[in-house]
Amino acid sequence: MLLKPALAAAVLLTAHTASAETFNLTMGSSHPTVVPWVGVLSDHVVGQTNARLEAMGSPDRVEWTESYGGALFGFQDTLEAVEDGLVDAGWVGAGLWEESKMPLQTITYFAPFVIDDQPTLMRIMNEINATVPAMAQSWEAHNQVFLGSSGVETYHLLTTFPVTSLADLEGRKILAPGPSGNWMSAIGAVPVNGALPTYYNSLQTGVADGVISIITGTYPNKLHEVAPYLTLVGVGAQYTGGLTVNKDSWDGLSPDVQTVLRELGSEYATLHAEQVQVRYDTALQAMRDDPAVTVTTLSETDRQAWIDRLPNLAGDWASRHPAGPDTLAAFMSAVRAAGIEPGRNWDQ
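The rules behind these values
- Residues numbered from 1 in each chain as written.
- Predicted model: local features only at pLDDT ≥ 70, side-chain atom pairs only at ≥ 80, totals over all residues.
- Heavy atoms only, no water.
- 1 Å grid on protein atoms, 1.4 Å probe; cavity = no way out; pocket = protein on both sides within 12 Å on 5 of 7 lines; lining within 4 Å.
- Points joined across faces, edges and corners; volume = space filled by probe spheres on them.
- Helix = DSSP H or I, 4+ residues; strand = E, 2+ residues; numbered from the N terminus.
- Nonpolar A, V, L, I, M, F, W, Y, C, P; charged D, E, K, R; others polar.
- Pairing = 2+ DSSP bridges.
- Axes fitted to C-alpha atoms, helices over the stretch in contact; angles between N-to-C directions.
- Contact = heavy atoms within 4.5 Å.
- Salt bridge = Lys/Arg side-chain N within 4 Å of Asp/Glu carboxyl O.
- Buried < 20%, exposed > 50% of the residue type's maximum accessible area, 1.4 Å probe, protein only.
- Parallel < 35°, antiparallel > 145°, perpendicular 65-115°, else oblique.
- Left-handed = near helix turned anticlockwise from the far one by under 90°.
- Core = buried A, V, L, I, M, F, W, Y, C linked by side-chain atoms within 4.5 Å.

### Section: empty space enclosed by the protein
Phase 1 of the analysis: Using the criterion set out here, one finds 2 cavities of 30 Å³ or more in the structure.
Phase 2 of the analysis: Size it by volume and the largest cavity reaches roughly 140 Å³.
Phase 3 of the analysis: Counting residues per element, the ones that place at least two in the lining of the largest cavity are α4 (94-97), α8 (196-204) and β8 (210-213).
Phase 4 of the analysis: A per-class count over the lining of the largest cavity returns 13 nonpolar, 3 polar and no charged.
Phase 5 of the analysis: What the second largest cavity holds in volume is close to 30 Å³.

In structure tokens form, the structure reads like this:
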């Protein structure tokens, strides 16, 4: 017997209501929400999940618990925190601190001076994570589902001493985590490991003489108070990892929730890149306006000398990993296809 439209709708509504599920998930990060790649997790991914589910007509909902700023784990443990299920979802700094476990994800740190356009870099890295099989497999091997790239704008120097040339950096201890340490050792500086939450104390206590980092991170953390010399270098925008979900948690979600999280993950990559650019412009201007901060630009001659003194970082990196050559070729080809001329053609 056919049901009348009104009755059919009521039956369908009852069926949806009966099958409605609420999923309790934890979103976490080692860094605070003042940095864009974490702030957008809270404001957009967490903030929009249930609104998107409602808009698509899904009865399912997510009850989020949020933990940022290292409350649950430190910067060294972002990969393991999601892999082991300490959090269900979160920002993983694979491009920064996981060279041994996820070497392919560190590609941009071994190919500096290539691209300053972070939004374009995020699009490129989303594509590479989706189209280079080994990139996707590197997440799967650590029990995670990749949803969207994270990254930062181009790197500059912030030091406790003035920098008038590359020679001023020789022998100086510069905070440069993971692969970024290679940039500093190439010009005679001494790289020191660390992360934004630890930088202020390291600079204040003399553990380090400076940091090569991002203004969107250093300014809100007030590093210019203890390292008041900003030298604009332009080492390049960097891919740092991204938003991931624990695979076991992911498999337990409904198709509706998975669809929404994939959508939000893609938007996360775009939105935080746009936010980074706005924050970068604002922070740089604020530092220029601060009489206690000295802002200079490294000369083109010294910048080119820096590039020339770098060993074949990308080529050596690629040779150490079976999928390295293909990944490097895909990255550099995508950069050139975007109309960007790299400072150095690392695949040639």
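### With respect to the sheet that holds strand β11 (residues 294-297)
Phase 1 of the analysis: Here we have 6 strands laid out as an open sheet, ordered β7-β6-β8-β5-β9-β11, and mixed in their pairing. Only two strands of the sheet have a single partner each, and these edge strands are β7 (190-192) and β11. Each adjacent strand pair in this sheet contributes to an overall mean axis angle of 25°, direction not counted.
Phase 2 of the analysis: Contacts from helix α11 (residues 255-289) reach β5 (156-159), β9 (229-232) and β11, with the element oriented near 130° to β9.

### Comments concerning the pattern of salt bridges
Phase 1 of the analysis: Counted under the stated rule, the structure contains 6 salt bridges.
Phase 2 of the analysis: K247 is paired through a salt bridge with D251; the nearest N and O atoms lie 3.0 Å apart. In this pair, K247 and D251 both sit in helix α10 (residues 247-251), 4 residues apart, roughly one turn of the helix.
Phase 3 of the analysis: Owing to a relative accessible area of 32%, K247 belongs among the partly exposed residues under this scheme.
Phase 4 of the analysis: By relative accessible area, D251 is classed as partly exposed at 48%.

### Examining unusual backbone geometry
Phase 1 of the analysis: One non-glycine residue with positive phi stands out, namely N143, at about 60°.
Phase 2 of the analysis: Its place among the elements puts N143 in the loop between α6 (133-140) and β4 (144-152).
Phase 3 of the analysis: One non-glycine residue, K222, lies in positive phi territory at about 60°.
Phase 4 of the analysis: When you line up the elements, K222 lands in the loop between α9 (215-218) and β9.

### Focus: the packing of helix α5 (residues 118-131) against α11
Phase 1 of the analysis: Contact geometry of α5 with α11 gives a least axis separation of 9 Å together with a crossing angle of 160°. It follows from the interaxial angle that α5 and α11 lie roughly antiparallel. With respect to the hand of their crossing, α5 and α11 are arranged in right-handed fashion. Between α5, through Q118, P119, M122 and N126, and α11, the contact on the second element is made entirely by A269, H272, A273 and V276.
Phase 2 of the analysis: Here the residues of the contact of α5 with α11 sort into 5 nonpolar, 3 polar and no charged.

### Quick word on the pairing of β9
Phase 1 of the analysis: Where β5 meets β9, 3 bridges bridge the pair, whose relative direction is antiparallel. Residue pairing in the sheet places L158 in a bridge with L230 of β9.
Phase 2 of the analysis: Pairing geometry for β9 and β11, over 4 bridges, is parallel. Among the inter-strand pairings, L232 is bridged to a residue of β11, identified as T297.

### Looking at the nonpolar core
Phase 1 of the analysis: Of all hydrophobic cores here, the largest spans 112 residues; its most connected members are I212, W306 and F331.
Phase 2 of the analysis: Not counting residues up to four positions away in its chain, the partners in contact with W306 are F113, L157, L166, W183, M184, I187, I212, V233 and L298.

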